[in-house]
Amino acid sequence: MIKLSARLLLLVWLLAAPTAIFRTVHSGTDTTAPLYDLVVTNALVVDGSGNPWFRADVAVKDGRIAKIGRVNISQAKRTIDAKGQILAPGFIDVHTHVESIFSLPTAENFVRMGVTSLVTGNCGSSATDVGEFLGRIQSKPISVNLATLIAHGSVRRKVVGLDDRAPTADEQKQMETIVERAMQDGAVGLSTGLIYTPGTYAKTEEIVDLARVAARYGGLYATHMRNEGEKVADAIRESIQIGEQAGLPVEISHFKISSKKLWGQSPMTLGLVRDARARGLTVTVDQYAYTASSTSLESRLPSWLRSGGLEEAKKRLADNATREKVVVEMKDSLKRGGFKDFDFAVVASYSADRTFNGKSIAEITKLVKKKDDVTSQIDQIIDMYVAGGAGMVYHGMGEDDVKRIMQEPFTMIASDSGVHQNDDSVPHPRGYGNNARVLGHYVRELKLIALEDAVRKMTSLPAQTFGFQDRGLIREGFAADLVIFDENTINDRATYDKPHQFPVGISFVIVNGGVVLADNQVTEARPGVALRGPGYQIVGAS
Ligand SMILES: [Zn+2]
């Protein structure tokens, strides 16, 4: 042990050496300079491994954890007294949609949840020029670390458009070239969104061939599956098949059961993942801690209608027989999901009429059409789709399944959120409360999982899965991404009605040694860096 930590210290010293030497040579008076930039004292360290907490001070130097144990605070430039609260690795949120982070660089809704690293580009939607995207951090510094996937939907849209057809051989090649370039630029893997336009038009083989490219560069396959309701088992099988054929790990995004008829079937769906793992396949899942999901309104409409995009769909809907067919299919799918009407579907943001925000489709239909039958509700959905679409919150999951999925060792906690600011939208509360809700509600109040296990699901498991080799644990030599929270008071405050509310109980958040949340206030620090996948290093080294 002593030998190991001595080696790590040497490594840290070597990394810091150029600066140290510079100081010694030019100032000549640095012998009394503080040894550490920052020391967190009096902490209960939950180190991310799942092991029980222990008492220690943690010292930070040049953005890295330099010492764990007893530290003399006179050796530190800055000291934070944790006052017996929990010190954990900063949370890694592997399922986000933060392509717009550069317009909200503090990412306050994430930082306030204790999140220090984000993986974006999920669900088939990403920047297609990953080098340019991650490179923006240089000119537009952000508060958190950022990684991205290269998304199949965005690549397909660029090459094939929004049409419901297979790519030609040449188009498939072009898509593979874009994915290859993205992996070389540091994407951490390939994502799909197989309910969205145009991802939904892809056959399994098309995805396997693209996933092979990601596999060559050490990436993973993250998927918003083709179905999370009645055909969820088939969709899990397809995801596993893609990983097996392409030879790369599979991450099933926002693992859930959204058909009321299948509530309670999570032992079966988790069993499919366990079986795959028993065969030696790396399959993991992530989850947000709520019984409602959130996505677009258009995902409710049949995929054939959406072929070619909104303008094409509008033309089709002008034909009464086609519109009637849409209504019949939507009614059928509602029934198969076990829902009697669209009361479970609530508007998060509808730009054509913001007074709809926060109201359910059933309520809106009553207001607009003075009707409460399902056909009128579907008409209302079609009207809103034609008027530009809406972001939605769907109350479609069972609490027992949420709990069972959370207890599974291979489940990570991830928000599926974007960057938010307080406005008149009514987004899903997960973007403000997810991590705090797990630690307050599920850990402390329900005792569903242990604190240390919950932290593991937010730190070392995501780091291991996405290849962030020097993050997710409190270890000497690791990046100093840290969070301090009070296990006795931490809680989410964001609700479905009033989501724009930060959690309580999280006081300090540190990213690469930079304090981004101090005493519950966001600071001016922007210490976030790009987290690039192994493909980048392979090319970078040549
Ligand atoms: Zn998704």
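Residues numbered from 1 in each chain as written. Predicted model: local features only at pLDDT ≥ 70, side-chain atom pairs only at ≥ 80, totals over all residues. Heavy atoms only, no water.

(A) View of the overall build of the protein chain. Within the protein chain one finds 18 helices and 21 strands. Taken against the 2.2 N^0.38 rule, which gives 24 Å for 542 residues, the C-alpha radius of gyration of the protein chain at 24 Å falls within 12% of a compact globule. Here the C-alpha coordinates of the protein chain stretch approximately 85 × 50 × 45 Å along the principal axes. Per-residue burial over the protein chain gives 57% buried out of 542 residues. Once local pairs closer than 6 in sequence are excluded, the contacts in the protein chain between residues at least 24 apart make up 76%. (Helix = DSSP H or I, 4+ residues; strand = E, 2+ residues; numbered from the N terminus. Rg over C-alpha atoms; globule rule 2.2 N^0.38 Å. Buried < 20%, exposed > 50% of the residue type's maximum accessible area, 1.4 Å probe, protein only. Contact = heavy atoms within 4.5 Å.)

(B) Molecular detail of the coordination of the zinc ion. Every protein donor of the zinc ion is listed here as C123 (SG), H224 (ND1) and H254 (NE2), and their distances to the metal cover 2.1 to 2.2 Å. Written as a sequence motif, the donor residues of the zinc ion are C-x100-H-x29-H. With C123 in the loop between β7 (115-120) and α3 (130-139) and H224 in strand β11 (residues 220-224), this pair connects stretches of sequence that are 101 residues apart. H224 carries the same exposure label as C123, and that label is buried. (Donors = N, O, S within 2.8 Å, 3.2 Å for Na, K, Ca; no water.)

(C) Up close: the nonpolar core. Counting 94 residues, the largest nonpolar core has I101, L146, L439 and F485 as its most contacted members. Beyond its immediate stretch of four places on either side in the chain, F485 contacts Q85, I86, A88, F91, L439, L451, V455, I490, G505 and I506. L334, F356, I364 and Y385 belong to the second largest nonpolar core, which has 27 residues in total. (Core = buried A, V, L, I, M, F, W, Y, C linked by side-chain atoms within 4.5 Å.)

(D) Fine view of the packing of helix α6 (residues 204-216) against helix α7 (residues 232-246). Where α6 meets α7, the closest approach of the two axes is 8 Å, and the angle between their N-to-C directions is 45 degrees. In terms of axis orientation, α6 runs oblique to α7. Seen from above, α6 lies across α7 with right-handed handedness. Of α7, the residues touching α6 (which contributes T204, I207, V208, A211, R212 and A215) are E238, Q241, I242, Q245 and A246. Looking at the contact of α6 with α7 residue by residue, the class counts come to six nonpolar, three polar and two charged. (Axes fitted to C-alpha atoms, helices over the stretch in contact; angles between N-to-C directions. Parallel < 35°, antiparallel > 145°, perpendicular 65-115°, else oblique. Left-handed = near helix turned anticlockwise from the far one by under 90°. Nonpolar A, V, L, I, M, F, W, Y, C, P; charged D, E, K, R; others polar.)

(E) Expanded view of the sheet that holds β7. If you walk across this open sheet you meet the three strands as β6-β7-β8, and the pairing is parallel. Two strands close off the open sheet at either side, each with one partner strand: β6 (91-93) and β8 (145-148). Taken pair by pair, the neighbouring strands of this sheet meet at an average axis angle of 20 degrees, ignoring direction. In terms of strand pairing, β6 meets β7 through three bridges, oriented parallel. Paired with F91 across the strands is V115, a residue of β7. (Pairing = 2+ DSSP bridges.)

(F) Spatial organisation of the pairing of strand β13 (residues 283-287). Here β13 lies mainly inside the structure; five of its five residues are buried. Taking every second residue as pointing to the same face, both faces of β13 are buried, with V283, V285 and Q287 on one and T284 and D286 on the other. Bridge count for strand β12 (residues 250-252) against β13 is three bridges, and the pairing is parallel. Within β13, the residue paired with I252 across the bridge is V285.

(G) Molecular detail of the environment of L473. Residue position: L473 is located in the loop between α17 (460-466) and β18 (482-485). For the pair formed by L473 and V130, sequence separation is 343 residues and the distance between their alpha carbons is 27 Å. Once you skip the residues sitting within four places of it in the chain, L473 turns out to touch D47, G48, S49, I65, P89, S460 and F478.

(H) Spatial organisation of the packing of aromatic side chains. All told, the structure shown has nine aromatic pairs when counted by the stated rule. Judged by centre distance (6.3 Å) and plane angle (55 degrees), the rings of F91 and F485 are tilted. With F91 in strand β6 and F485 in strand β18, the pair connects residues that are 394 residues apart, well separated along the chain. Here the two residues F91 and F485 agree in accessibility, since each one is buried. Their ring planes at 20 degrees and their centres at 6.0 Å tell us that F342 and F344 sit as a pair that is stacked. Of the two residues, F342 and F344, both sit in the buried class. Site record: aromatic cluster; members linked through ring pairs are F339, F342, F344 and Y394. Over the aromatic face of W304 sits the side chain of K325, whose NZ or CZ is 4.2 Å from the ring centroid. The positively charged end of R430 is found above the aromatic ring belonging to Y288, 4.5 Å away from the centroid. (Phe/Tyr/Trp six-rings, centres within 6.5 Å; stacked < 30°, edge-to-face > 60°. Lys NZ or Arg CZ within 6 Å of the ring centre and 35° of its normal.)

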